[in-house]
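Observations on the model geometry
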Amino acid sequence: MTTWTHQNGISLLGELWWDGTANSAEDWRQLAHTAERRNTLIGVPGVPLAAVAGANAASTRLFDQANLARRGLLTRLAWSDTASGWSAAADLWRLDTGLRHYGGSAESAFRLLPQRSAAFVALGMSW
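Residues numbered from 1 in each chain as written. Predicted model: local features only at pLDDT ≥ 70, side-chain atom pairs only at ≥ 80, totals over all residues. Heavy atoms only, no water.

A look at the overall build of the protein chain
- A tally of helices and strands in the protein chain yields two helices and five strands.
- Seen in sequence order, the protein chain has helices and strands lined up from the N terminus as β-β-α-α-β-β-β.
- Counting over 127 residues, the protein chain shows a buried share of 21%.
- Residue pairs at least 24 apart in sequence account for 56% of intrachain contacts in the protein chain once pairs closer than 6 positions are excluded. (Helix = DSSP H or I, 4+ residues; strand = E, 2+ residues; numbered from the N terminus. Buried < 20%, exposed > 50% of the residue type's maximum accessible area, 1.4 Å probe, protein only. Contact = heavy atoms within 4.5 Å.)

Okay, structure coming up:
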(Lines give C-alpha, C1' and ligand atoms only; values in the text may rest on other atoms or scores of the structure.)
Protein backbone atom coordinates (compact mmCIF):
# COMPACT_ATOMS: atom_id res chain seq x y z
CA MET A 1 0.00 0.00 0.00
CA THR A 2 1.25 3.48 -0.85
CA THR A 3 -0.19 6.76 0.43
CA TRP A 4 0.69 10.31 -0.63
CA THR A 5 -0.71 13.32 1.23
CA HIS A 6 -0.24 17.01 0.38
CA GLN A 7 -0.52 19.91 2.83
CA ASN A 8 -3.62 21.22 0.98
CA GLY A 9 -5.59 18.18 2.23
CA ILE A 10 -5.47 16.07 -0.93
CA SER A 11 -4.30 12.49 -0.55
CA LEU A 12 -3.86 9.59 -2.93
CA LEU A 13 -3.75 5.96 -1.87
CA GLY A 14 -2.88 2.93 -3.95
CA GLU A 15 -3.17 -0.75 -3.03
CA LEU A 16 -2.22 -3.87 -4.90
CA TRP A 17 -3.28 -7.18 -3.37
CA TRP A 18 -3.34 -10.92 -3.77
CA ASP A 19 -6.48 -12.94 -2.91
CA GLY A 20 -5.47 -16.54 -2.33
CA THR A 21 -9.14 -17.56 -1.94
CA ALA A 22 -10.03 -16.43 -5.48
CA ASN A 23 -10.05 -18.91 -8.34
CA SER A 24 -6.69 -20.05 -9.64
CA ALA A 25 -5.80 -20.43 -13.30
CA GLU A 26 -6.12 -24.19 -12.74
CA ASP A 27 -9.70 -23.73 -11.45
CA TRP A 28 -10.60 -21.92 -14.69
CA ARG A 29 -8.89 -24.61 -16.79
CA GLN A 30 -10.80 -27.35 -14.93
CA LEU A 31 -14.09 -25.52 -15.49
CA ALA A 32 -13.35 -25.29 -19.21
CA HIS A 33 -12.28 -28.95 -19.40
CA THR A 34 -15.45 -30.14 -17.65
CA ALA A 35 -17.65 -28.06 -19.97
CA GLU A 36 -15.75 -29.39 -22.97
CA ARG A 37 -16.45 -32.97 -21.82
CA ARG A 38 -20.13 -32.14 -21.32
CA ASN A 39 -20.31 -30.61 -24.78
CA THR A 40 -19.31 -33.94 -26.32
CA LEU A 41 -22.78 -35.11 -25.23
CA ILE A 42 -24.47 -32.65 -27.60
CA GLY A 43 -26.25 -34.65 -30.28
CA VAL A 44 -26.01 -37.97 -28.42
CA PRO A 45 -29.40 -39.73 -28.63
CA GLY A 46 -31.30 -39.47 -25.36
CA VAL A 47 -29.30 -36.48 -24.05
CA PRO A 48 -31.38 -33.28 -24.28
CA LEU A 49 -29.49 -30.19 -25.46
CA ALA A 50 -31.13 -28.22 -22.64
CA ALA A 51 -29.59 -30.60 -20.09
CA VAL A 52 -26.07 -30.01 -21.40
CA ALA A 53 -26.58 -26.23 -21.59
CA GLY A 54 -28.15 -26.17 -18.12
CA ALA A 55 -25.32 -28.17 -16.58
CA ASN A 56 -22.75 -25.85 -18.17
CA ALA A 57 -24.62 -22.77 -16.94
CA ALA A 58 -24.92 -24.20 -13.42
CA SER A 59 -21.21 -24.98 -13.32
CA THR A 60 -20.28 -21.33 -13.77
CA ARG A 61 -20.57 -20.69 -10.01
CA LEU A 62 -16.90 -19.65 -10.14
CA PHE A 63 -18.17 -16.39 -11.65
CA ASP A 64 -20.16 -15.65 -8.46
CA GLN A 65 -17.13 -14.79 -6.34
CA ALA A 66 -16.17 -11.24 -5.44
CA ASN A 67 -12.75 -11.58 -7.07
CA LEU A 68 -12.49 -13.56 -10.29
CA ALA A 69 -8.73 -13.21 -10.30
CA ARG A 70 -6.24 -13.46 -7.47
CA ARG A 71 -4.73 -10.02 -8.06
CA GLY A 72 -6.47 -6.69 -7.38
CA LEU A 73 -5.86 -2.95 -7.41
CA LEU A 74 -7.49 -0.06 -5.49
CA THR A 75 -6.90 3.66 -5.92
CA ARG A 76 -8.35 6.33 -3.65
CA LEU A 77 -8.38 10.11 -4.05
CA ALA A 78 -9.47 12.10 -0.98
CA TRP A 79 -9.66 15.70 0.19
CA SER A 80 -10.02 17.01 3.74
CA ASP A 81 -10.48 20.58 4.96
CA THR A 82 -9.12 20.40 8.48
CA ALA A 83 -10.43 23.88 9.35
CA SER A 84 -14.09 22.99 8.72
CA GLY A 85 -13.88 19.26 9.34
CA TRP A 86 -15.35 18.57 5.89
CA SER A 87 -13.94 15.80 3.68
CA ALA A 88 -14.69 13.93 0.46
CA ALA A 89 -13.23 10.76 -0.98
CA ALA A 90 -13.67 8.55 -4.02
CA ASP A 91 -12.48 4.97 -4.08
CA LEU A 92 -12.17 3.65 -7.60
CA TRP A 93 -12.02 -0.11 -7.62
CA ARG A 94 -12.64 -0.84 -11.26
CA LEU A 95 -14.04 0.69 -14.43
CA ASP A 96 -15.10 -1.59 -17.28
CA THR A 97 -16.85 -0.65 -20.51
CA GLY A 98 -17.24 -2.55 -23.68
CA LEU A 99 -19.05 -4.58 -26.24
CA ARG A 100 -18.03 -8.18 -25.94
CA HIS A 101 -18.56 -11.22 -28.12
CA TYR A 102 -17.57 -14.47 -26.45
CA GLY A 103 -15.48 -16.22 -29.03
CA GLY A 104 -12.01 -17.65 -29.08
CA SER A 105 -10.86 -21.08 -28.06
CA ALA A 106 -13.28 -23.60 -26.61
CA GLU A 107 -11.14 -23.73 -23.44
CA SER A 108 -11.86 -20.08 -22.64
CA ALA A 109 -13.74 -19.58 -19.36
CA PHE A 110 -16.09 -17.01 -20.94
CA ARG A 111 -17.10 -19.53 -23.63
CA LEU A 112 -18.80 -21.47 -20.82
CA LEU A 113 -21.38 -18.73 -20.32
CA PRO A 114 -24.82 -19.34 -21.84
CA GLN A 115 -24.85 -15.98 -23.70
CA ARG A 116 -22.59 -15.22 -26.66
CA SER A 117 -22.37 -11.40 -26.50
CA ALA A 118 -22.88 -8.50 -24.09
CA ALA A 119 -22.61 -4.72 -23.85
CA PHE A 120 -21.65 -3.32 -20.48
CA VAL A 121 -20.58 -0.36 -18.40
CA ALA A 122 -19.53 -1.08 -14.83
CA LEU A 123 -18.05 1.26 -12.25
CA GLY A 124 -17.16 0.07 -8.79
CA MET A 125 -16.91 3.01 -6.39
CA SER A 126 -17.67 3.92 -2.80
CA TRP A 127 -18.08 7.36 -1.30
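Now that the structure is up, let's keep going.
Some details on the pattern of salt bridges
- A full pass over the atoms with the stated rule returns one salt bridge.
- Note that Arg29 and Glu26 form a salt bridge whose closest N and O atoms lie 3.2 Å from each other. Residue Arg29 and its partner Glu26 are located together in helix H1 (residues 25–39), separated by three residues, close to a single helical turn. (Salt bridge = Lys/Arg side-chain N within 4 Å of Asp/Glu carboxyl O.)

Topic: the pairing of strand E1 (residues 2–5)
- Pairing of E1 with strand E2 (residues 10–18) involves four bridges; the strand directions are antiparallel. Along E2, the bridge assignment pairs Thr5 with Ser11.
- Taking the residues that link successive antiparallel strands as the turn, the E1-E2 hairpin has four residues, and the phi of Gly9 there is positive, at about 95°. (Pairing = 2+ DSSP bridges.)

Quick notes on the environment of Leu62
- Along the chain, Leu62 turns up in the loop between helix H2 (49–58) and strand E3 (71–81).
- In this structure the C-alpha to C-alpha distance between Leu62 and Asp27, which are 35 residues apart in sequence, comes to 8.4 Å.

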